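Architecture at a glance
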Amino acid sequence: MSKTVEKTFQILKELLPNGASLHEPSLKGRELSYVKECIDTGWVSSAGSYVNRFESDLAAITGVKHAIAVVNGTAALHICLKYCGVQAADEVLIPAVTFVATANAVSYCGAVPHFIDSSMETLGVDPIKLGIYLDRILIKKGGYSFNKETGRRVKACIAVHTYGHPVDLDPLIDICKAHYIDLIEDAAESLGSYYKGRHTGGFGDVSSLSFNGNKIVTTGGGGAILTNDSEIASQIKHITTTAKLPHVWDFVHDEVGYNFRLPNINSALGCAQLEQLPGFIEKKRANALKYQEAFKDVDGIKVFCEPAFARSNYWLNVLLLDVGSIEVRNLILKKTNEAGIMTRPVWVLLNKLQMYKDCPKMDLTTASDIEARLINIPSSARLFEM
Ligand SMILES: *Cc1c(COP(=O)(O)O)cnc(C)c1O
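Each chain has its residues counted from 1, running along the sequence as written. The predicted nature of this model means local features are confined to residues of pLDDT at least 70 and side-chain atom pairs, given and counted, to a pLDDT of 80 or more, with totals for whole chains, interfaces and linings taken over all residues. Only hydrogens and water are removed before side-chain values are computed, so all heavy atoms of the structure are retained for them.

In this section: the sheet that holds strand S13 (residues 310–311). We call two strands paired when DSSP finds no fewer than two bridges between them. Helix numbering and strand numbering both begin at the N terminus, where a helix is a DSSP run of H or I of at least 4 residues and a strand a DSSP run of E of at least 2. The strand order across the open sheet formed by 3 strands is S9-S8-S13, and the pairing between neighbours is antiparallel. The sheet is open, and its two edges are formed by strand S9 (198–199) and S13, each paired on a single side.

This is the structure in structure tokens:
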């Protein structure tokens, strides 16, 4: 095992530029000119043409009919849950392996996360294991499914395309339908990733994207909601813009709305970023190939490859130890970070966090295995140009 640690460190040290970070933005397109236009014209805030353009560009790229730009990916998830009718004391199925925002959005609705296991093939939800579990624990009543143990309604499931790798959506869609569960895709990490030739984010009832600084494209901070349903899209637009009724001068709001609209200046940045998306994806896929080649003969560790049905954006590249060991994992993390190479473990499993430790969960064997085997390595689009 110490040989695996040593070899991994050597390869990364030889391959990577000094001070390589996990993921940094590349802002070498028209960002400055679009942002300057906002400043020159004064249209920096909650109105302006870049918001509409950003939304239609997103719809065109993802092939989903409507995109609504919002302040961040967490807010996008919150609104997705709301529009699936998730209410206080409902349960929402989410992977234990995800960023904390997925669970927090559930909490904002007063609902309870119910943690589900992941698959080694996708690093996302394992539909086969989930189907067997749900058949066992759910009972149907009045067009809904209830958790037999807690008595709570299980209203929705959030599928996270972890590190940009699409989950196996077809069987998951069937399982959700069979149990009257709404499917939300957390596509925060999967802009530019395709499942069986179709862009992720178009399969769920609604989906969310993030444009945080570390994501595939950035607006500084931002997010979006995707949906193919025109009625839901206009309701979401309404509620994320303070639920104000159109009127020449009057301030009439017809429900409790949110001030979640993405400002024009951020949208301008986003428009410039989206122009470069195909180039980013090409570079990121090349990064993945380079890593796969470099590690192909190393004993004890492998580079994660996209599932057979997917074309992934390889947002963050993943090293997987053949055999899980938190100790070995931490040795690699320590050695690389001390040498200025930014590497990270997977997020601490959400069911272990203090605020979520009492939430319902299924057997999480694979999630624990992922935790003991996974290391993220530097993956910026321009990584090897620095
Ligand atoms: C980044 C991310 C989010 C949250 O997006 P923010 O824009 O940071 O609020 C949600 N889910 C996943 C899986 C993410 O990676």
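Additional details are given in the paragraphs that follow.
Glancing now at the domain arrangement of the chain. Examined at the domain level, the chain breaks down into domain 1 (2–25 + 277–385) and domain 2 (31–275). One C-alpha centre belongs to domain 1, the other to domain 2, and the line joining them spans 25 Å. Contacts between the two partners involve 41 residues from domain 1, matched on the other side by 53 residues from domain 2. Here the quantity called buried area is the accessible surface, traced with a 1.4 Å probe, that two parts lose on coming together, added over both. A buried area of about 3900 Å², summed over both sides, lies between domain 1 and domain 2, and 69% of it is on carbon and sulfur atoms. Taken as a group, Phe-309, Trp-347 and Met-362 account for 20% of the area that domain 1 buries against domain 2, more than any other trio of residues on that side. Salt bridge, as used here: a side-chain nitrogen of Lys or Arg that lies within 4 Å of a carboxyl oxygen of Asp or Glu. If you look at where domain 1 meets domain 2, you find 1 salt bridge. Among the ionic pairs, Lys-129 bridges to Asp-363, the shortest N-O distance being 2.6 Å. Nitrogen and oxygen atoms within 3.5 Å of one another constitute a polar contact, given that in protein one can donate a hydrogen and the other can accept it, and given that sequence-neighbouring residues count only through two side-chain atoms. Counting across the interface, domain 1 meets domain 2 through 21 residue pairs in polar contact (both at pLDDT 80 or more). Listing elements by their share of the side of domain 1 that touches domain 2, those giving two or more residues are helix H10 (277–295), S13, strand S14 (317–321), helix H12 (365–373) and strand S16 (374–377). In this entry, domain limits derive from an automatic or database-based domain assignment. Residue contacts are defined here by distance: any two heavy atoms, one from each residue, within 4.5 Å place the two residues in contact.

Accessibility here uses a 1.4 Å probe with only protein chains present; expressed as a share of the type maximum, an area under 20% marks a residue as buried, one over 50% as exposed, and anything in between as partly exposed. Burial analysis of strand S7 (residues 182–186) places 5 of its 5 residues in the buried class, the great majority of the element. Every second residue of S7 is oriented toward a common face, with Asp-182, Ile-184 and Asp-186 on one face and Leu-183 and Glu-185 on the other, all of them buried. Note that strand S6 (residues 154–160) and S7 share 5 bridges and pair parallel. Counted as the bridge partner of Cys-157 is Leu-183 from S7. A crossover links S6 with its parallel partner S7, the connecting element being helix H7 (residues 169–178), and its sense is right-handed. Taken together, the 3 bridges between S7 and strand S10 (residues 206–210) define a ladder with parallel strand orientation. Bridging from a neighbouring strand, Glu-185 pairs with Ser-207 of S10. When the strands point away from the viewer, a crossover counts as right-handed if the route from the first strand across the helix to the second turns clockwise.

Working definition: residue near molecule or strand if any one of its non-hydrogen atoms lies within 4 Å of it. Near the ligand lie 15 residues; those nearest to it are Thr-74, Asp-186, Glu-189, Ser-210 and Lys-215. The separation between an oxygen atom of the ligand and a polar main-chain atom of Gly-73 is 2.7 Å. Interatomic distance of 2.7 Å between a side-chain N/O atom of Asp-186 and a nitrogen atom of the ligand. Protein coverage of the free-state accessible area of the ligand, which is 380 Å², stands at 92%. For the shell around the ligand, the secondary structure elements donating two or more residues are helix H4 (73–83) and helix H5 (100–108). Asp, Glu, Lys and Arg are counted as charged, while Ala, Val, Leu, Ile, Met, Phe, Trp, Tyr, Cys and Pro are counted as nonpolar; the rest, among them Gly, fall into the polar class. Here the residues of the shell around the ligand sort into 4 nonpolar, 8 polar and 3 charged. Every accessible area reported is derived by Shrake-Rupley at a probe size of 1.4 Å, with residue values counting cover from the shown protein chains alone.

With 14 residues, helix H3 (residues 49–62) ought to run about 20 Å at 1.5 Å a step, and its terminal C-alpha atoms sit 20 Å apart, in line with that. The positive-phi residue at the C-terminal boundary of H3 is Gly-63, with phi of around 75°. To estimate how far a helix should reach, multiply one less than its number of residues by 1.5 Å.

Once that is clear, we can look at the pairing of strand S4 (residues 138–141). Pairing analysis gives 4 bridges linking S4 to strand S5 (residues 144–147), with the strands arranged antiparallel. In the strand pairing of S5, Lys-141 is matched with Tyr-144. What sits between S4 and S5 in their antiparallel hairpin is a turn of 2 residues, with Gly-142 showing a positive phi close to 60°.

So, on to the packing of H3 against helix H9 (residues 264–275). Following both chains from N to C, one finds H3 and H9 inclined at 35°, their axes separated by 8 Å at the closest point. Crossing handedness for the pair H3 and H9: left-handed. Here Ser-49, Tyr-50, Val-51, Arg-53, Phe-54, Asp-57, Leu-58 and Ile-61 of H3 come into contact with H9, specifically with Asn-264, Ser-267, Ala-268, Gly-270, Cys-271, Leu-274 and Glu-275. Think of each axis as a best-fit line through the C-alpha atoms, taken over the contacting stretch in the case of a helix, with angles from 0 to 180 degrees between the N-to-C directions. For any helix crossing, the convention is left-handed if the near helix is rotated counterclockwise from the far helix by under a right angle, and right-handed if that rotation is clockwise.

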